[in-house]
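Coordinate analysis (summary)
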Amino acid sequence: MVDVGTTLEMVQASQAGMSAVGAGLAVGLTGVGTGLAEMGIGAAAVGATAENRDMFGLALLFTVIPETIVIFGLVVALLLLF
Amino acid sequence: MAGISSGSAQYIYACTRLRVRRSLLIPREDYLRMLNMSLPEITRFIGETNYRSEIDELGTSFSGIDLVEEALSWNLAKEYQSILELVPGELKYFTASYLRRWDIQNVVTILRGKLQGMRPGKIKEVLIPAGRLNKVALDRLLAEESPERVAEALKGERFYPILERELPRAIETGSFAHLENELYKGYYARLLADATGGIKGGDIFRKYIELEIDTRNIQNLFRLQAGRVHEDVRELMIPGGSFSVEELQRLSTVEDRDEFIDALKRQVRMTPLLNTLESIRGKSAIHEIEVALTRVQLEQMERMSKRYPFSILPILVYLEEKKYEVANLRALARGKEVGLPGERLQGYLVM
């Protein structure tokens, strides 16, 4: 809410601040999402690899698939900042 | 978010491990191949699978059928103990409770051996230390002199009260059948009590127990029917399944096999079991009926384990299938030893 006494510089500064907060939220929340998604996959991957070593490559690949979510977050954050 | 906790990751880990292990069990094609092999070939074949370390280890002290038997028992015990170590929290409680079945089997074997004056070393060869009583505890029991002393040494075990009550009669009559029945009935009652004790996941465990009790009861009814036993069967039935003991008693009075199957079908709601009951109508050999019923139980457990993928069920599926794998290999080896033809043996395998 811009009140009468605010100058143009103050508005610009507040906009920059807000987009920084948005960028932070984008990376932070997607990071949490990725972590939750990887929890189950990681547990299963470790279980499968413990029983059968040949699974390692595939298990690792499946585990990092949710990383895409945090990469999307990072892209959005970078778009916001630059 | 309720389901998301560090607990669920452990469940996923344990259940995945057991699913992978299950996929490494001996497939049907290999059994069919083994049916055409001789005993040394079978020994070599299983020596190349999961049983390698046992076959290698025991190869110097045993040979022939004894080697296969010992290796299978050792492997089963080792496998079950390792599973008990890797499953987390509540699953461990249920698994341990399921594995007590082996304690009963071992104790009854020891009692029988003691009553017949067998050497402890000879009895030890047929024990499978897969339950709560480990090798050391079983050795202690083996060192006791008489069945009464063995029972006394088991004071504090869950099944001690039943043992104490039934043992004098068993020794007097020289038959442990009644004692064994009572012990297993006690075991199932205790399983049900564990499942309904309010521990998380108990309701899923209970589904398995009911299925198991039903299958046992139906198998027993078929056996009694085949043996033309028409006395009161109430004592032989396990309470706690979806049939009441009274219903089972009524079913046991039906004399004709076809009528019996019809009567049973009216009570059953599970479609796969209905189909199996229909398909066993033409079979006369009791072992074929038992194998068909066991098969349908395993399939039903597998279906249930898909519905609850991270529960006690995938673990139980593996434990049961492993048990039947060992039983199959034992039947194969024993059958080959006495020279039974492959086609005959095939009817006894659960695959």
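Residues numbered from 1 in each chain as written. Chains lettered and ligands numbered in written order. Predicted model: local features only at pLDDT ≥ 70, side-chain atom pairs only at ≥ 80, totals over all residues. Heavy atoms only, no water.

With respect to the domain arrangement of chain B
Residues and elements named next belong to chain B. Looking at the assigned domains, one finds that chain B contains domain 1 (1-86 + 323-345), domain 2 (99-200) and domain 3 (202-310). For domain 2 versus domain 3, the distance between C-alpha centres works out to 26 Å. If you look at the interface, domain 2 gives 12 residues, while domain 3 gives 16 residues. Note on domain 2 versus domain 3: buried area summed over both sides is about 1,100 Å², and carbon and sulfur give 66% of it. (Domains from an automatic or database assignment. Contact = heavy atoms within 4.5 Å. Buried area = accessible area lost by both parts, 1.4 Å probe.)

Digging into the packing of aromatic side chains
All names here are of chain B. Scanning the model with the defined rule gives 7 aromatic pairs over all chains in all. With a centroid separation of 5.1 Å and 85° between ring planes, the pair formed by Phe222 and Phe260 is classed as edge-to-face. Taken as a pair, Phe222 in helix H12 (residues 202-226) and Phe260 in helix H14 (residues 257-267) lie far apart in primary sequence, 38 residues in all. Note on accessibility: Phe222 and Phe260 belong to one class, buried. Across from the ring centre of Trp74, 4.7 Å away, lies the NZ or CZ of Lys135, which sits over that ring. The ring of Tyr11 carries the charged tip of Lys200 above its face, separated from the ring centre by 5.3 Å. (Phe/Tyr/Trp six-rings, centres within 6.5 Å; stacked < 30°, edge-to-face > 60°. Helix = DSSP H or I, 4+ residues; strand = E, 2+ residues; numbered from the N terminus. Buried < 20%, exposed > 50% of the residue type's maximum accessible area, 1.4 Å probe, protein only. Lys NZ or Arg CZ within 6 Å of the ring centre and 35° of its normal.)

Here's the deal with the interface of chain B and chain A
In this assembly, 10 residues from chain B lie in contact with 12 residues from chain A. Between chain B and chain A lies a buried interface of about 940 Å² when both sides are counted; carbon and sulfur atoms form 78% of it. Taken together, the connections running from chain B to chain A amount to 2 salt bridges. For Arg21(B), the salt bridge identified is with Glu51(A), shortest N-O distance 2.8 Å. Between chain B and chain A we count 2 residue pairs in polar contact (both at pLDDT 80 or more) in total. Of the residues belonging to the side of chain B that touches chain A, the class tally is 5 nonpolar, 3 polar and 2 charged. (Salt bridge = Lys/Arg side-chain N within 4 Å of Asp/Glu carboxyl O. Polar contact = N/O pair within 3.5 Å; in protein donor to acceptor, adjacent residues only side chain to side chain. Nonpolar A, V, L, I, M, F, W, Y, C, P; charged D, E, K, R; others polar.)

Remarks on helix H11 (residues 177-195) of chain B
All names here are of chain B. Counted at 1.5 Å a residue, the expected span for H11 with its 19 residues is 27 Å, and the 27 Å between its end C-alpha atoms agrees. Those residues of H11 lying buried are His178, Leu179, Glu182, Leu183, Lys185, Tyr187, Tyr188, Leu191, Leu192, Asp194 and Ala195. For H11, the secondary structure elements touched by its buried residues are helix H6 (89-115), helix H10 (160-173) and H12. (Expected span 1.5 Å × (residues − 1).)

Some thoughts on helix H15 (residues 271-279) of chain B
Residue and element names in this part refer to chain B. Considered for burial, the residues of H15 that qualify are Leu273, Thr276 and Leu277. Angularly, the buried residues of H15 cover 100° about the axis, an arc narrow enough to put them on a single face. Buried positions along H15 lie against H12, H14 and helix H16 (286-307). (Arc of directions from axis to C-beta.)

A word on the UniProt feature "transmembrane region" (unreviewed entry) in chain A
The UniProt record annotates "transmembrane region" (unreviewed entry) at residues 20-46 and 58-81 of chain A. In residues 20-46 of chain A, helix accounts for 100% and strand for 0%; the two terminal C-alpha atoms are 37 Å from one another. (UniProt positions renumbered as here; feature names shortened; annotations may be inferred.)

Regarding the packing of H12(B) against H16(B)
Residue and element names in this part refer to chain B. Direction vectors running N to C along H12 and H16 enclose 170°, while the axes themselves pass 10 Å from each other. Our classification of the angle between H12 and H16 gives roughly antiparallel. Residues Lys207, Tyr208, Leu211, Glu212, Thr215, Ile218, Gln219, Phe222, Arg223 and Ala226 of H12 form the contact with H16, whose participating residues are Ile286, Ile289, Glu290, Leu293, Thr294, Gln297, Gln300, Met301 and Met304. In terms of residue class, the contact of H12 with H16 is made up of 10 nonpolar, 5 polar and 4 charged. (Axes fitted to C-alpha atoms, helices over the stretch in contact; angles between N-to-C directions. Parallel < 35°, antiparallel > 145°, perpendicular 65-115°, else oblique.)

A short note on the pattern of salt bridges
Residue and element names in this part refer to chain B. Evaluation of the coordinates by the stated rule reveals 33 salt bridges over all chains. A salt bridge links Glu144 to Arg149, with the nearest nitrogen and oxygen atoms 3.4 Å apart. Two residues, Asp258 and Arg281, come together in a salt bridge whose shortest N-O distance is 3.6 Å. Of this pair, Asp258 sits in helix H14 while Arg281 sits in the loop between H15 and H16; the two residues are 23 residues apart in sequence, bridging distant segments of the chain. Under the relative-accessibility criterion, Asp258 is labelled partly exposed at 35%.

Some details on the environment of Ile280(B)
Residue and element names in this part refer to chain B. Relative to the elements of secondary structure, Ile280 occurs in the loop between H15 and H16. Between the C-alpha atoms of Ile280 and Leu293, which are 13 residues apart in sequence, the distance is 9.0 Å. Ignoring sequence-local partners within four residues, the contact set of Ile280 consists of Phe222, Ile261, Ile289 and Ala292.

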